[in-house]
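# Overview (structure and organization)
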Amino acid sequence: MPNEDIRPSVGLRPVINVSGTMTSLGASIVVTQAIAAMGSILPQFVEINDLQRKASTVIARLTGGEAGFVTASCSAGISLAVAAAITGNDLAAIERLPEVRGDKNEVIVQMGHVVSYGAPVDQAVRLAGGKVVLIGQATSTYRHHLEGAITEKTAAALYVVSHHVVNYGMLSLKEFCEIAHAKGVPVIVDAASEYDLRIFLEQGADLVLYSGHKFLGGPTSGIVAGRKDMVRNTFLQNLGIGRGMKVGKESIFGVMAALEAWETRDHAGIRQREAGYLRLWRDRFDGRPGVKAMIEPDPTNNPLDRLRLTIDQREAHITAWDLADALARGNPPIIVRDHEVEHNYFYLDPCNLHPGEEVIVTARIGEELDRAQASNEIIATSLEDRSRRRFDGLLRWPD
Ligand SMILES: *Cc1c(COP(=O)(O)O)cnc(C)c1O
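Residues numbered from 1 in each chain as written. Predicted model: local features only at pLDDT ≥ 70, side-chain atom pairs only at ≥ 80, totals over all residues. Heavy atoms only, no water.

Quick reminder of the rule: UniProt positions are given in the numbering used here, feature names are shortened, and annotations may be inferred rather than shown by experiment.
In the nomenclature of an unreviewed UniProt entry, the chain corresponds to L-seryl-tRNA(Ser) seleniumtransferase from the organism Rhizobium leucaenae. UniProt's Sequence similarities (unreviewed entry) comment on the chain is quoted here verbatim: "Belongs to the SelA family." Its UniProt record, at the heading Cofactor (unreviewed entry), says of the chain: "pyridoxal 5'-phosphate".

## Overview of the overall build of the chain
Applicable threshold: Here a strand is any run of E in DSSP of at least two residues, a helix any run of H or I of at least four, and the numbering for each starts at the N terminus. C-alpha atoms define the radius of gyration, and 2.2 Å times the number of residues to the power 0.38 defines the globule rule. Residue exposure (1.4 Å probe, protein chains only): buried if accessible area is under 20% of the type maximum, exposed if over 50%, otherwise partly exposed. The contact definition used throughout considers only heavy atoms, calling two residues in contact when any of these lie within 4.5 Å.
Helix and strand counts for the chain come out as 16 helices and 12 strands. Here the chain has a C-alpha radius of gyration of 23 Å; the compact-globule value for 399 residues is 21 Å, and the two agree. For the chain, the spread of C-alpha atoms along the principal axes amounts to about 70 × 50 × 45 Å. Within the chain, the fraction of its 399 residues that count as buried is 49%. Look at the contacts in the chain between residues 6 or more apart in sequence, and 71% of them connect residues 24 or more apart.

## Thoughts on a nonpolar patch on the surface
Definition in use: A patch consists of residues whose relative accessible area exceeds 30% and which take part in no salt bridge; residues with like charges are grouped when within 9 Å of each other, and nonpolar side chains (Val, Leu, Ile, Met, Phe, Trp, Tyr) when within 5 Å. All accessibility values rest on the Shrake-Rupley procedure with a 1.4 Å probe; residue burial counts only the protein chains present in the view. Salt bridge, as used here, is a side-chain nitrogen of Lys or Arg placed within 4 Å of a carboxyl oxygen of Asp or Glu.
Side chains of Phe391, Leu394, Leu395 and Trp397 sit close together on the surface and give an oily, nonpolar patch of about 580 Å² of accessible area. Topologically, Leu395 is positioned in helix α16 (residues 392-396).

## A word on the packing of helix α13 (residues 320-329) against helix α14 (residues 357-374)
Put simply, the rule is: To get an axis, fit a line to the C-alpha atoms, keeping to the stretch in contact for a helix; angles then go from 0 to 180 degrees between the N-to-C directions. Each angle receives one of four descriptions, namely roughly parallel if under 35 degrees, roughly antiparallel if over 145, roughly perpendicular if within 65 to 115, and oblique otherwise. Helix crossings are classified by the rotation of the near helix relative to the far one: an anticlockwise turn of less than a right angle makes the crossing left-handed, while a clockwise turn makes it right-handed. Note on residue classes: Ala, Val, Leu, Ile, Met, Phe, Trp, Tyr, Cys and Pro are nonpolar, Asp, Glu, Lys and Arg are charged, and everything else, Gly too, is polar.
Between α13 and α14, the least distance of the axes is 10 Å, while the angle of their chain directions is 125 degrees. As far as their axial angle goes, α14 and α13 are oblique. The handedness of the crossing between α13 and α14 is right-handed. Touching Leu323, Ala326 and Leu327 of α13 are Arg364, Ile365, Glu368 and Leu369, all from α14. Broken down by class, the residue content of the contact of α13 with α14 amounts to five nonpolar, no polar and two charged.

## Side note on the sheet that holds strand β9 (residues 291-297)
To be explicit about the condition: By definition, two strands form a pair when at least two bridges between them are found by DSSP.
What the three strands build is an open sheet, ordered β9-β10-β12; its pairing is antiparallel. Of all the strands in the sheet, just β9 and β12 (345-348) have a single pairing partner and so form its edges. In this sheet, adjacent strand axes meet at a mean angle of 25 degrees when their direction is disregarded. In this structure, β9 lies alongside strand β10 (residues 305-311), joined through seven bridges in antiparallel fashion. Opposite Met294, over in β10, you have Arg308 as the bridge partner. Its contacts with the sheet put α13 on β10 and β12, and the angle it makes with β12 is roughly 40 degrees.

## Quick look at the domain arrangement of the chain
As a reminder of what qualifies: Note: domain ranges come from an automatic or database domain assignment. As used here, buried area is the combined drop in accessible area, with a 1.4 Å probe, of two parts when they are placed together. By the criterion applied in these results, polar contacts are pairs of N or O atoms within 3.5 Å in which, for protein atoms, one can donate a hydrogen and the other can accept it, and in which residues neighboring in sequence qualify only through two side-chain atoms.
Splitting the chain by domain gives domain 1 (7-24 + 267-395) and domain 2 (32-264). Roughly 850 Å² of surface becomes buried between domain 1 and domain 2 when both sides are summed, with 55% attributable to carbon and sulfur atoms. Viewed at the interface, domain 2 and domain 1 are joined by zero salt bridges. The tally of links from domain 1 across to domain 2 stands at six residue pairs in polar contact (both at pLDDT 80 or more). Of the residues belonging to the side of domain 1 that touches domain 2, the class tally is four nonpolar, five polar and one charged.

Right, here's the structure in full:
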C-alpha cells in the first residue's frame, strides 16, 4: 500500500482513519471489484436506463425489494424518495418541484430522528418540496403522536436508522410502519450506514436508502430499494431535481460490483481481523495511567465493535480531546471517532484500516500518552475554544 500511495505526491496528508466511514475523510476503502468494474465501463457508451435496470436486478436480489436503482448518495435518495411520494409519476409535477401544487407534501419524522449526518436530514426533505412534520419529543414518541399527525396532507413518513438518532423512547420501525400503513402512508427508511440489506424492507418499509460508499465499499453513491411503483417514481425524479444528483455509468456499475462482492465477502474473516486490532489496542492501553480501554458493540447492531478509550485527564495528564487533536495533527495524522469527546472518551473504529496501520495507531497513541505522562502540567485546552474554532478552517477554505 505505501508504495502506491498517491497522496504525498499531490500534497495530501496520508491520514489513517480510525473514525469510521466519514464523508470528510473519503468514506471507505473501495473494494477492488468495484474499482475494476468502474475502470472497465468508463471508456464505453451504455444506455443508462438499461444499466440501471441491471442494477435494479442486483439490488432486488440483495435487498429482497422488488426493484432498485443507484443515485448520488443516500442523502440524494432521501430527497428523491420524498419527491416521489409527493409527485407520484406525474411528469409535470416532477418538473415543478420543489414547488408543489396542492398541499399533500407533509413528511412525518420523529423528533429524535432529526439528525445531522454532515447536513440536516430535514433539509433533504425540504429540498424536495416536502414539509417536515415533527412528532413526539426529543426522547419520546408514542403511537398517538404518529396516529394524530397523519392527515390527507401526509405524503410519507421518514424513519432514520443510525447511531446518531436518540436510541431509546422511539417507535420501532415495525410499529411505525404498521401505524403509517393503516392510513395508507408510505414509509421511507434512511439506513445509510447499516449492514443489513434486508431487515428494513422485511419490517415493512416501502423504500429503503443506503450509502454505496460506506460499509459496502462502493463508489460514492446511494442505493434506493423497495416497492416497484415507488422505486419507479423515485427513479423518474432524475427528470427533475435528481439531475443535480446524477450518477454516471461508473458509479452504477461500481455499486453493482460492490454489491456482488458483498455477497461473497469473507465477513467472518474481516470481523476476526478487526477483533485482533481491538484486542491489540485494548491490551496495550487499558490500565495505563488514566486510561480505560473497553471493546463495545455497535449501537445499531451492525456486526462490528469499536474500542472506547476513556481518559482521566488528572492521571493521563491530557484530556481526551487534546489527545484526539494531537493524533490528528501528528505524523501520520490519525483521525479518531471523537463525536462524544466532551464525555472524556473517544473511539477507535477498526473498519477502515489497511493492514499494518493498526500498529502505527498503537505506536502514535503510545507516544502521545508517554509525552503527556512526562509533562508536568495537564494538557487541557478548553472545550469551549475547541467548539468556537470548529468551523474556522472551513470558513477560510480554500485558503
Ligand atoms: C451517512 C449518512 C447519510 C448520508 O449518506 P450519504 O450517502 O453520504 O449522502 C444519511 N443518513 C445517515 C443516517 C447517515 O449515516
